[in-house]
Amino acid sequence: MANHKGMITDIDVRSQENNLAHRTREIDRERLIVRRGQPFSITLQCSDSLSPQHHLELVLHLGKKDEVVIKVQKGRGGGDKWWFYQQGAQDEILLTLHSPADAIIGHYHLAVLVMSPDGRILEKTDKIKFHLLFNPWCRDDAVYLPDESQLQEYVMNEDGAIYMGTWDNISSVHWNYGQFEDFVMDICFEVLDNSKEALKNSEMDMKRRSDPVYVGRMITAMVNSNGDRGVLTGRWEEPYSEGTAPYRWSGSVPILRQWSKAGARAVKYGQCWVFAGVACTVLRCLGIPTRHITNFDSAHDVDGNLSVDFLLNESLERFDRRDRGDSNWNFHCWVESWMRRDDLPRGNDGWQVLDPTPQELSDGEFCCGPCPVTAIKEGNLGVKYDAPFIFAEVNADIIHWIIRRDGQRQKIRVDQKSVGKNISTKSVFGDFRDDVTLNYKYPEGSQKEREVYERAGHRVAEPTDGHAEPAQLQLSVKHAKPVFGTDFDVIVEVINGGSREADAQLTMLAMAVTYNSLHRGECQKQVTSVKVAPHKVHREVLRLRYDDYGRCVSEHHLIRVKALLEAVGENDPIMAVANIPLSMPELQVQVPGKAYLWEPVTVHISFTNPLPVPLRGGVFTVEGSGLLSSTEIRVNGDISPGQKVPVKLSFSPVRTGVRKLLVDFDSDRLKDVKGVATVVVRKKYNPVFSRLHL
């Protein structure tokens, strides 16, 4: 409300009614927040002196320096113009404003001018402010999505699941997007205001904010801090001493708030799922339907040849592990946003890949996308943005080479089938996984897949005619699903399918790696001579003890086993590789009783140390959208092997609905232990309370 002397005595922006109709009430109930392409109304209280001869003019100002000024037409305008009409008696005027479906998103100031019959300004009221967002419910908006269940998930849901692990052992962690938490929307616009484009030419940048392609591209550049004032600094290995380790985060809100509070100084640290989680928050908050995607066995093709080359020495160690060579990540995360691509030929609308993890430059900036998922599936690599890089992430070949002591290269393994598996996102129907691989590629080995590869310039192995003689020797690595902290066996099988005895040397190497293939240390190595009779199987056991792997395993709890078989009389060695994720214990999280708005609730958390050694520096981090801000609870003293640690915490929920409470536990030897509880927050019926909080 604002009081004025003169003809307009009071203004009501009707935020309760407007925000409810525009599905923004979760963001704020006091400020006016509306979506483009959909009308909204404000009320002016007038003094008796406003005569019928006076008329109103409306002018919109956008940007801190009024970079954009728009005169609002009176009476019905075209679909591409702002227009308004007015109703009402002498002392009250209802103004209904219509924004075009391609209006600029941002923070608007509305000036209402009372004009005399001869065109003089008698009074000017410019205290009216509102925010305008994208509108995926509006048919003419470029982000229009016609499916209500998808809109509820990809715009309105503040909780999500992020898929991790390996393609054959997929795990998930819950993530709090929190796009409607206090001040998150303001921070999202602050992110846009700090982009290189905005700082270089704010007027040009402001005008381009009508386009979700441009906004999406700016967000992917700004979520990472490479080369700009972006939100997160990436770091892929310890130490994380100057900031927060990537696996400690459970949601986007503490990251965005920390960045804003520090005056647009980058937060340390992020990795791919964190970058994608923050991008998902910002894009959903601005009104662009967005989902978090995980690609398993994701290729990072630096040189653009659609193959990932690993160079190994004769001890099976990587030659190039410290340079920025090709790599194959156990998983890699990005987001997809839904939008029309008016800048591209027909057939490219729909889901677009946006990847905020800083990997390669795109038009000179560390951003990636938007790129149509359909273009990746069809191998149309000329489509902007970054189609060749994304195509390689889901389709590249993996080639292993051994560099002999004399410098000769020997190709020992070519894998054309493992990259781009089980591409995953959270289902719209609940906390389970949807496989979207077929959105990105045709079925493995199909005729359509071969056509796409040829269109993309990707070489394809010729199909065998069925008469080729099978290789005499085959190699495989087998393992159970080990638990972190236990000793376990890895079994390497040598199968002799030939008619003569095989005499060979078998090298088995177990190493600790990060999820994106950084080598963290050798855990165990074994070299043996094996003799395998014709049509027989020989098994070698590699015993991995916690004492061996516990000191070098990364925070991703991942062991990679390579087996190399070099047989006498055979020209080419054979290689097999297995990634073994070590499963983690879960935290027990319980919220007994019913939860009511603004009333204290107690959460009971318990954790038992599964390791044969004490844990030091234990800390629990608890957060939940609509429940409580990120809160740390430190454990006093060491946690002995087998010791159970119970923790209690009270909080008062601030918003109703089905909420997720996320808990993370970290210590010196055990990190990234997660737990989650679902909390249904209700309103306690009270006539006075109900009137206050409607």
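Here is what the cut-offs are and how they apply
- Residues numbered from 1 in each chain as written.
- Predicted model: local features only at pLDDT ≥ 70, side-chain atom pairs only at ≥ 80, totals over all residues.
- Heavy atoms only, no water.
- Helix = DSSP H or I, 4+ residues; strand = E, 2+ residues; numbered from the N terminus.
- Axes fitted to C-alpha atoms, helices over the stretch in contact; angles between N-to-C directions.
- Left-handed = near helix turned anticlockwise from the far one by under 90°.
- Contact = heavy atoms within 4.5 Å.
- Nonpolar A, V, L, I, M, F, W, Y, C, P; charged D, E, K, R; others polar.
- Pairing = 2+ DSSP bridges.
- Salt bridge = Lys/Arg side-chain N within 4 Å of Asp/Glu carboxyl O.
- Buried < 20%, exposed > 50% of the residue type's maximum accessible area, 1.4 Å probe, protein only.
- Core = buried A, V, L, I, M, F, W, Y, C linked by side-chain atoms within 4.5 Å.

Trainee: It is not clear to me how unusual backbone geometry should be interpreted in this structure. Could you clarify?
Mentor: With an omega of 0°, the peptide bond between Gly369 and Pro370 qualifies as cis. Residue Tyr385 is reached from Lys384 by a cis peptide bond, and omega for that bond is 10°. Assignment of secondary structure puts Tyr385 in the loop between helix H9 (373-378) and helix H10 (387-395). Unusually for a residue other than glycine, Phe183 sits at a positive phi of about 70°. Assignment of secondary structure puts Phe183 in the loop between strand E11 (169-176) and helix H3 (184-193).

Trainee: How do you make sense of the packing of helix H6 (residues 212-223) against helix H8 (residues 272-286) when you look at a structure like this?
Mentor: Working note: a packed helix pair is described by the angle between its axes plus the distance between those axes. Viewed as axis vectors pointing N to C, H6 and H8 meet at an angle of 145°, and their least axial separation amounts to 10 Å. Where H6 crosses over H8, the two elements pack in a sense that is right-handed. Each of Val215, Gly216, Ile219 and Val223 in H6 lies in contact with H8, whose residues at this interface are Phe275, Val278, Ala279, Val282, Leu283 and Leu286. Taken together, the residues of the contact of H6 with H8 break down into nine nonpolar, one polar and no charged.

Trainee: Help me understand the sheet that holds strand E26 (residues 519-532) in this model?
Mentor: Adjacent strands of a sheet pair through backbone hydrogen bonds, lying either parallel or antiparallel. If you trace the four strands from one edge of the open sheet to the other, you get E26-E25-E28-E29, paired in antiparallel fashion. The strands lining the two open edges of the sheet, one partner per strand, are E26 and strand E29 (574-581). Going across the sheet, the axis of each strand differs from the next one's by a mean of 15°, ignoring polarity. Where strand E25 (residues 502-513) and E26 come together, twelve bridges link them in antiparallel fashion. Opposite Gln505, over in E26, you have Ser529 as the bridge partner.

Trainee: What's the story with the pattern of salt bridges in this structure? I'm lost.
Mentor: Opposite charge on two side chains allows them to pair when their charged atoms are near. All chains considered together, the criterion is met by 43 salt bridges. With a shortest N-O distance of 4.0 Å, Asp193 and Lys64 are connected by a salt bridge. A residue pair is termed long-range when its members are at least 10 positions apart, and Asp193 in helix H3 and Lys64 in the loop between strand E4 (55-62) and strand E5 (68-74) qualify at 129 residues. According to the relative accessible area criterion, Lys64 is exposed, its value standing at 77%. Linking Arg209 and Asp193 is a salt bridge whose minimum nitrogen-to-oxygen distance equals 2.9 Å. Remark: Asp193 occurs in helix H3 and Arg209 occurs in the loop between helix H5 (202-208) and H6; sequence separation between them is 16 residues. Accessibility expressed as a relative area gives 3% for Arg209, which makes it buried. Here the salt bridges share partners, and the residues they tie into one network are Arg248, Glu632, Arg634, Asp664, Asp666, Asp672 and Lys674.

Trainee: What exactly am I supposed to notice about the nonpolar core here?
Mentor: Generally speaking, nonpolar side chains in soluble globular proteins are found buried as a group. The biggest cluster of nonpolar side chains holds 100 residues, and the ones touching the most others in it are Ile219, Trp273, Leu286 and Tyr440. Here this core takes twelve residues from H8, the largest share from any one element. When near neighbours in sequence (up to four residues on either side) are disregarded, Ile219 contacts Val191, Leu192, Ala279, Val282, Leu283 and Leu286. Counting 63 residues, the second largest nonpolar core, distinct from the first, contains Ala576, Val603, Ile633 and Phe651.

Trainee: Help me out: how do you make sense of the pairing of E25 in this one?
Mentor: Every other side chain in a regular strand lies on the same face of the sheet, so the side chains alternate between the two faces. For E25, a buried count of ten out of twelve residues is recorded, marking the element as mostly surrounded by other parts of the structure. Following E25, the chain reverses through five residues before pairing antiparallel with E26; Ser517 in that reversal takes a positive phi of roughly 75°.

Trainee: I'm lost on the sheet that holds strand E19 (residues 397-403) in this one. Help?
Mentor: Strand order in the open sheet formed by three strands is E15-E19-E20, and the pairing between neighbours is mixed. Both outer strands of the open sheet, strand E15 (307-312) and strand E20 (409-415), are each paired with one neighbouring strand and no more. With direction set aside, neighbouring strand axes in the sheet form an average angle of 25°. Here six bridges tie E19 to E20, and the two strands are oriented antiparallel to one another. The residue bridging Ile399 from the neighbouring strand is Val414, located in E20.

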